[in-house]
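Observations on chain architecture
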Amino acid sequence: MKNHNTEIALVVGHYPHSGAEGEWEWNKKCGEYMQQRLEGLGFKVYLHIHAIRGYGARQDAMREAVKDNLPYCKAVIELHYNDADSEQAHGHEFLYNATPKLAECLQGSFKKSFPESTARDGGTKQRSTGDGAGFLIKAPAASCIVEPFFRHNQAEWEQFSEAWQKVGDTYIAGICDYTGISYEQDKPQKDDLTLESLDARVKELERILKPR
Ligand SMILES: [Zn+2]
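Since the structure is predicted, the reported quantities are computational estimates derived from the model, not experimental observations.

**Quick look at the pairing of strand 2 (residues 44-49)**
Examined bridge by bridge, strand 1 (residues 7-12) and strand 2 share six bridges and lie parallel to one another. Within strand 2, the residue paired with V11 across the bridge is H48.

**Looking at the sheet that holds strand 4 (residues 92-96)**
Hydrogen bonds along the backbone pair up the strands of a sheet, which may run parallel or antiparallel. On the basis of which strands lie adjacent, the open sheet formed by six strands has the order 2-1-3-6-4-5 and mixed pairing. Each edge of the open sheet is held by one strand with a lone partner, namely strand 2 and strand 5 (119-126). Neighbour-to-neighbour, the strand axes of the sheet open up by a mean angle of 20°, direction not taken into account. Where helix 1 (residues 23-40) meets the sheet, its contacts fall on strand 1, strand 2 and strand 3 (73-79), and the angle it forms with strand 1 comes to roughly 165°.

**Topic: the nonpolar core**
Counting residues in each nonpolar core, the largest one holds 49 residues, and the members touching the most others are I77, L102, L106 and C144. Top contributing element to this core by residue count: helix 6 (residues 164-179), with seven residues. C144 has contacts with I77, F94, L95, Y96, L102, A103 and L106, leaving out every residue within four places of it along the chain.

**Some details on unusual backbone geometry**
Even without a glycine there, the phi angle at H14 is positive, about 80°. Structurally, H14 is set in the loop between strand 1 and helix 1. For H14, a count of 19 C-beta atoms within 10 Å translates into the label partly exposed. Even without being a glycine, D121 presents a positive backbone phi close to 50°. On the secondary structure map, D121 appears in strand 5. We classify D121 as exposed; it has 10 C-beta atoms within 10 Å.

**Let's talk about helix 3 (residues 101-113)**
Taking 1.5 Å per residue as the helical rise, helix 3 with its 13 residues ought to reach 18 Å, and the 19 Å between its terminal C-alpha atoms agrees with that figure. Of the surrounding elements, those touching the buried residues of helix 3 are strand 3, strand 4, strand 5, strand 6 (142-147) and helix 6.

**Points about the packing of helix 1 against helix 6**
The contact between helix 1 and helix 6 brings their axes to 9 Å, and the two run at 50°. By the angle class used here, helix 1 and helix 6 are oblique. Here the hand of the crossing between helix 1 and helix 6 comes out right-handed. Packed against helix 1, whose contacting residues are W26, K29, C30, Y33, M34, R37 and L38, the element helix 6 presents W164, Q165, V167, G168, Y171, I172 and I175 at the interface. For the contact of helix 1 with helix 6, the per-class residue count stands at 10 nonpolar, two polar and two charged.

**Considerations on the environment of A84**
Along the chain, the position of A84 falls in the loop between strand 3 and strand 4. Among all residues touching A84, those that are not within four sequence positions of it are A89, F150 and H152.

**Describing the pairing of strand 4**
Of all five residues that make up strand 4, five are buried, and the element is covered over most of its length. Where burial is concerned, the two faces of strand 4 agree: the one with H92, F94 and Y96 and the one with E93 and L95 are both buried. Sheet topology places strand 4 next to strand 5; four bridges connect them, and they run parallel. Paired with F94 across the bridge in strand 5 is T124. Of the crossover connections in this fold, the one passing from strand 4 over helix 3 to the parallel strand 5 is right-handed. As paired strands, strand 4 and strand 6 are joined by three bridges and run antiparallel to one another. Its bridge partner lying in strand 6, F94 is registered against V146.

Analysis parameters
- Residues numbered from 1 in each chain as written.
- Predicted model: local features only at pLDDT ≥ 70, side-chain atom pairs only at ≥ 80, totals over all residues.
- Pairing = 2+ DSSP bridges.
- Helix = DSSP H or I, 4+ residues; strand = E, 2+ residues; numbered from the N terminus.
- Axes fitted to C-alpha atoms, helices over the stretch in contact; angles between N-to-C directions.
- Contact = placed C-beta atoms within 7 Å.
- Core = buried A, V, L, I, M, F, W, Y, C linked by C-beta atoms within 7 Å.
- Buried ≥ 20, exposed ≤ 12 C-beta atoms within 10 Å, placed from the backbone.
- Expected span 1.5 Å × (residues − 1).
- Parallel < 35°, antiparallel > 145°, perpendicular 65-115°, else oblique.
- Left-handed = near helix turned anticlockwise from the far one by under 90°.
- Nonpolar A, V, L, I, M, F, W, Y, C, P; charged D, E, K, R; others polar.
- Right-handed = clockwise from strand over helix to strand, strands pointing away.

What follows is the structure, encoded as structure tokens:
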């Protein structure tokens, strides 16, 4: 299963250096970290950085880039964090359009690692108009927008400002859950790099190479 090459696209939300304060930079780090970890798990990953300002044209370009890079793409996840006028706003939400399963896997995994985070409206939301709907609809595979916390909620920012790896790990576990790939498989196998296994391999080579 190591080289299953299951195709996953990650998209850093927003035009570079825009969105909520620090959002693009935080999610770029999260996406780069996820790409590396997912590739270690045998996934084929394409990380997309938007390069067009206009929202509709930006999503059209995303669609074409994902299709070019990943012809058998299983999931497209756009990385965000939330912002609101009220500093009281808090909690997480995972948005989907056509089908909820990817959002449910990602939300379930996030909630397991951050049980104190409020699941807004149950944690997953169907969205067909307004913010993010264009991305969700144009993505050429199952799609989800992740909104793990609110930037201007002080308690949440204290918890999450440096947590892009930990949050990324929850998304990876959710992707594994969604695709049926084991999250454990990049850990060394039991017999990797032990003296016993090396000794056994040397003995096997000696047996093969020994002149008859
Ligand atoms: Zn955003």
